[in-house]
Number of protein chains: 2
Amino acid sequence: MARWQPDAPGRLAAAALDLFEEHGYENTTVIEIAERAGLTKSTFFRYFPDKREVLFGESALTGLLVDAIAAAPPDAEPLEAVAHALDVLGQEVFTEGRREFSARRQAVLDANPELAEREARKRIGLVDSMIEALERRGVAGRTARVAGKLGALAWEIAHDEWILGGEGEEFGALVRQVLAEVRVVSGAC
Amino acid sequence: MARWQPDAPGRLAAAALDLFEEHGYENTTVIEIAERAGLTKSTFFRYFPDKREVLFGESALTGLLVDAIAAAPPDAEPLEAVAHALDVLGQEVFTEGRREFSARRQAVLDANPELAEREARKRIGLVDSMIEALERRGVAGRTARVAGKLGALAWEIAHDEWILGGEGEEFGALVRQVLAEVRVVSGAC
């Protein structure tokens, strides 16, 4: 019963996404998600507190971003440390093989306010984590807040473009393009 | 019964904020909010669909921002049009007399995930409205998205600093300071 299941959270998320697309988020139950994944209800609840959480597994993302910001060269500027973390995100998470899943997930979030709000809260938590990671590098408060939120801005726009784009447009490259646009739009040069 | 009440939404929001602070958001009912405001339950529901909405009146903000972006001089750069709209916001909404209410409201939102998520959704809607207003000025897609989200970044940081700050720190001035920090952090100069 309580055996470890290889990638159970990923299988549950994939099954949930299928069912949300087929029957709608409101009309899908935890039992149906577990069955579709070939797992039990109790396995579901070992990984997620409720149906709403099944598409959100933020702890891994947070650790990845925080570690990458900490690991940036000591003399890296704050925004460079953030951009480095987003590069890692592109290499580890938002890979070519993940694009279709991400696009389908985003469509389900856009169609369900309850999930869209959950995503908004997740993003706020990730930005706060990035800001704290910058502060641990000795970056001053307002500068850390601006750099962290610029990272979020680049992430959001790059992610929107990445899920729409054709093959070959990498997430990290799109982040760099958006940050270049920030320099132009902020009227700095 | 159905007579017009002067500033009924404002009185309901003020009463709700008092009660949320005194008894907690979860423990406050619509009837109690209406009674505290000296109004009826049916008046409450004329303005808000449920308790969760009473601290959110976004339609006025959206119109104000969209109109201000449209009214910026034709040759204004995208981010300048956005900064102009945030100046108007500081003059019309985030005034000195509003600061204490805004600070108390923010504390209640921070303490209640359900309200924090509603606020996050409200902000996403406002940013989307600003982006659309920029596109109507002929600003290209990605540039409009970057400028609109830079406006949101400046708004969020300026608002956090404004509710904490002493007298004399105006919202619009803080927005300009944050945008100056964006130029520095984006490494443009």
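Residues numbered from 1 in each chain as written. Chains lettered and ligands numbered in written order. Predicted model: local features only at pLDDT ≥ 70, side-chain atom pairs only at ≥ 80, totals over all residues. Heavy atoms only, no water.

**Considerations on the domain arrangement of chain A**
Residue and element names in this part refer to chain A. Using the following cut-off: Domain segmentation is taken from an automatic or database assignment of domains. Contact between two residues is taken to exist if any of their heavy atoms lie within 4.5 Å; hydrogens are not considered. Whenever a carboxyl oxygen of Asp or Glu lies within 4 Å of a side-chain nitrogen of Lys or Arg, that contact is scored as a salt bridge. We call two N or O atoms a polar contact when they sit within 3.5 Å, provided that within protein one can donate a hydrogen and the other can accept it, with sequence-adjacent residues counted only if both atoms are side-chain atoms.
Partitioning chain A into domains gives domain 1 (8-53) and domain 2 (58-185). Placing the centre of domain 1 and that of domain 2 at their C-alpha centroids yields a distance of 26 Å. Counting residues at the interface gives 10 residues for domain 1, matched by 10 residues for domain 2. Between the two partners, domain 1 and domain 2, sit 4 salt bridges. Glu-53 is the partner of Arg-118 in a salt bridge, and the nearest nitrogen-oxygen pair spans 2.7 Å. Summed over the shared surface of domain 1 and domain 2, the result is 5 residue pairs in polar contact (both at pLDDT 80 or more).

**With respect to the interface of chain A and chain B**
Think of interface size as the accessible area that goes away when the parts come together; that is how it is often given. Our working definition: Here the buried area means the combined drop in accessible surface, using a 1.4 Å probe, for two parts upon being joined, counting both sides. Labels follow the DSSP assignment, with helices taken as runs of H or I lasting at least four residues and strands as runs of E lasting at least two, numbered in each case from the N terminus.
Across the boundary between the two partners, chain A contributes 29 residues, which contact 29 residues of chain B. At the boundary of chain A with chain B, total buried surface from both sides reaches about 2800 Å², with 63% on carbon and sulfur atoms. On inspection of chain A and its partner chain B, the count reaches 10 salt bridges. A salt bridge links Arg121(A) to Glu117(B), with the shortest nitrogen-to-oxygen separation between them at 2.3 Å. Counting across the chain A and chain B interface gives 16 residue pairs in polar contact (both at pLDDT 80 or more). Put simply, the parts of the chain that give the side of chain A that touches chain B at least two residues each are helix 7 (113-136), helix 8 (141-164) and helix 9 (171-185) of chain A.

**Things to note about the relation of the copies chain A and chain B**
Convention followed: Alignment of the copies relies on least squares applied to C-alpha atoms, considering only residues that score at least 70 for pLDDT in both.
Overlaying chain A on chain B yields an RMSD of 0.0 Å, the required transformation being a rotation through 180° with an accompanying axial translation of 0.0 Å. On this basis, the relationship between the two copies can be described by a two-fold rotation axis. Most of the interface of chain A is mirrored in chain B: 100% of its interface residues are interface residues there too.

**Looking at the nonpolar core**
What counts here: Remark: nonpolar core denotes a set of buried residues (Ala, Val, Leu, Ile, Met, Phe, Trp, Tyr, Cys) joined through side-chain atoms within 4.5 Å. Partly exposed describes any residue whose relative accessible area lies between the buried limit of under 20% and the exposed limit of over 50%, with all areas from a 1.4 Å probe on protein chains only and scaled to the type maximum.
Formed by 88 residues in total, the largest nonpolar core has its most connected members in Leu89(A), Trp155(A) and Leu89(B). Aside from chain neighbours lying at most four places away, what touches Leu89(B) is Leu61(B), Leu64(B), Leu65(B), Phe94(B), Trp155(B) and Phe171(B).

**A word on the pattern of salt bridges**
Counted under the stated rule, the structure contains 32 salt bridges over all chains. Its salt-bridge partner being Arg123(A), residue Glu119(A) comes within 3.4 Å of it at the nearest N-O pair. Taken together, the residues span about one helical turn, with Glu119(A) and Arg123(A) both in helix 7 at a distance of 4 residues. A salt bridge links Lys149(B) to Glu156(A), with the nearest nitrogen and oxygen atoms 2.4 Å apart. Of the two residues, Lys149(B) sits in helix 8 (residues 141-164) while Glu156(A) sits in helix 8, which places them in two different chains. A single burial state applies to Lys149(B) and to Glu156(A), both of which are buried. If you follow the salt bridges from partner to partner, you end up with Arg105(A), Glu119(A), Arg123(A), Glu156(A) and Lys149(B) in one network.

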